[in-house]
Every structure is written in C-alpha cells, then in structure tokens.
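Observations on the three-dimensional arrangement
One-letter residues, chain by chain:
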Amino acid sequence: IVDTLNNKLILYEDQTGSFLGLRGDIETILQSRTKEMENVSYYLKKKKPTKKSVKDYFTKYNTLLVIINVLIFLWMDVKGPSISARYLMNHGALYWPAMVRFQEYYRIITYMFLHSGFEHLANNMIVLLFVGDNLEREVGKWKYLIIYFGSGVIAGIASLSYNILKGDIVMSVGASGAIFGIVGAMAYIVIINKGQLEDLSARQMIFFVVLSLYGGLTSQGVDNAAHVGGLIAGIIITAILYKRPNKGHKEGGIEL
C-alpha cells in the first residue's frame, strides 16, 4: 500500500521490512515523482493569465511604424499647400524615370511612408495596426522588420518592372506593398499552424487576401503590381525565416 501523503510504502506484518530490498528504491521514485509534480504545479501557477496592459495589445515596432507614417503625413499636409501628385513626386514617391535617369534609388524606401490622402493613410494603418501586431508577436521584432521592409522593397521593384515593361509613366506611394507582405506572412503562418493562430484563422486570412486583391483589381489608381509583389514576397520571406514552434515545451526537465 502506498502512503501518498508521506510517499512511503505501508507493509503488511508478514512482509520483510526491506520489501525484498526494493523498499528504498520505490520510496525514492515516489519522492522524485512528487518533486516533478510540484514543478508542474509551480509552472502552471506561474503561467496563469494576468490582466493585459496596453503593451500586450500593441507591439513596439509595428506601432512605431504606424506612428511614423501618421507623423510624416501630418508634416507633409501642414508643410505643403496640398498633397498633390507633383508634391509627392518631389518628396520621394516611387517614380521610375527619376530612378533610371537620376539614380534616386532612395525612393524604393521613401515611397512606403507617403500617402496621397487621409483615407489612403487610414485604410493602410488600420490593417497594419492589427495584422502587423499579430505578426510581430509571433516572429519577433527583427524578423518582423525584415518581412515588412523586404516586402515593401520587392513590391516597389515589382511595380517598377511592370510599369517599365508597359512603358507607363506612373507614380506610386503608400505602405500597401509592405502591408500586403505582412498579410501574406500571417496567412502563411496561420496555414502552417494548422489553420489557427491567436484570434486569426486560415479562412479569415485567405478571405481577407482575396477581398483585398479583388478590391485593388476593381478600383482605379491602385498599384496592383506592388500588391501582388508584396504579397508573394511576404510569403517567401516568412517561409525562409519562420519556424513553427514545437508543441511541447520543456520547463525544469518536464515536457508540458
């Protein structure tokens, strides 16, 4: 009989005290198992959900990108008479003749922080604020920044290439190429995590991607080449950088 309170064996009177020499070993095993269960109990108590603060809802670098985009828009709106096409072109919009003729390659970065109006800015920042937050929490700050800027740059290259091949002289601005990369990254992560991650499902992400692409294809003045390029770039970069976490987690030698 096992005395679970004291982790000892209770022996009948007709049994030898050492229980054929195994009594000490059995009691050692019982005591060792108790320590393991105490570790599990401590870990579960430690991991109890706590009241969420603002930092739990808004990650650092994603929120910083949103703030930078808003500040640049406000600064340009105040400084310039109006945010016109010429004004944007003179302040870093994606414009391939300037890049080819004058080697203004910085435009491949600056165009991501320019927006043509408040509605354009608001639409992009709302998506970035919530989808980008999920992505940064899942992959970490540095991988998140690589995905964001990598997707934005590749989206810009896709846009430039498409317009050069067509011979169209067009100007592009906005963070949507990078944001499509963020959306593609989240869709990839949700799918390889068997269709669910935090409050997002694979069905929701795929529906959002299809709806966003459809909205771009059926609207005027939308750089669909940048959107598609950013989406594909986000998926590829994430496939390279992201590793699905193991199901089991070891704490103190115990797999939970």
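Right, let's walk through the structure included here. Keep in mind that this is a model prediction, so the values were computed, not measured.

Here we take up the environment of K141. Within the secondary structure, K141 sits in helix α8 (residues 141–166). Owing to a relative accessible area of 37%, K141 belongs among the partly exposed residues under this scheme. C-alpha separation for the pair K141 and Y61, spaced 80 residues apart in sequence, amounts to 6.6 Å. Sequence-distant contacts of K141, defined by excluding residues within four places in its chain, comprise Y61 and E136.

This part is about the pattern of salt bridges. Evaluated as defined, the whole model comprises three salt bridges. A salt bridge links E104 to R107, with the shortest nitrogen-to-oxygen separation between them at 2.7 Å. Per residue, the accessibility class of E104 equals that of R107, and both read buried. In this structure, the salt-bridge partner of R137 is D133, at a minimum N-O distance of 2.6 Å. Of the two residues, R137 and D133 both sit in helix α7 (residues 118–139), four residues apart, roughly one turn of that helix. A relative accessible area of 36% means that R137 is categorised as partly exposed.

Now for helix α11 (residues 224–241). With 18 residues, α11 extends 26 Å between its outermost C-alpha atoms, agreeing within 8% with the 26 Å of an ideal straight helix rising 1.5 Å per residue. The set of residues buried in α11 consists of A225, A226, H227, G229, G230, L231, A233, G234, I237 and T238.

Quick notes on the rules
Residues numbered from 1 in each chain as written. Predicted model: local features only at pLDDT ≥ 70, side-chain atom pairs only at ≥ 80, totals over all residues. Heavy atoms only, no water. Helix = DSSP H or I, 4+ residues; strand = E, 2+ residues; numbered from the N terminus. Buried < 20%, exposed > 50% of the residue type's maximum accessible area, 1.4 Å probe, protein only. Contact = heavy atoms within 4.5 Å. Salt bridge = Lys/Arg side-chain N within 4 Å of Asp/Glu carboxyl O. Expected span 1.5 Å × (residues − 1).

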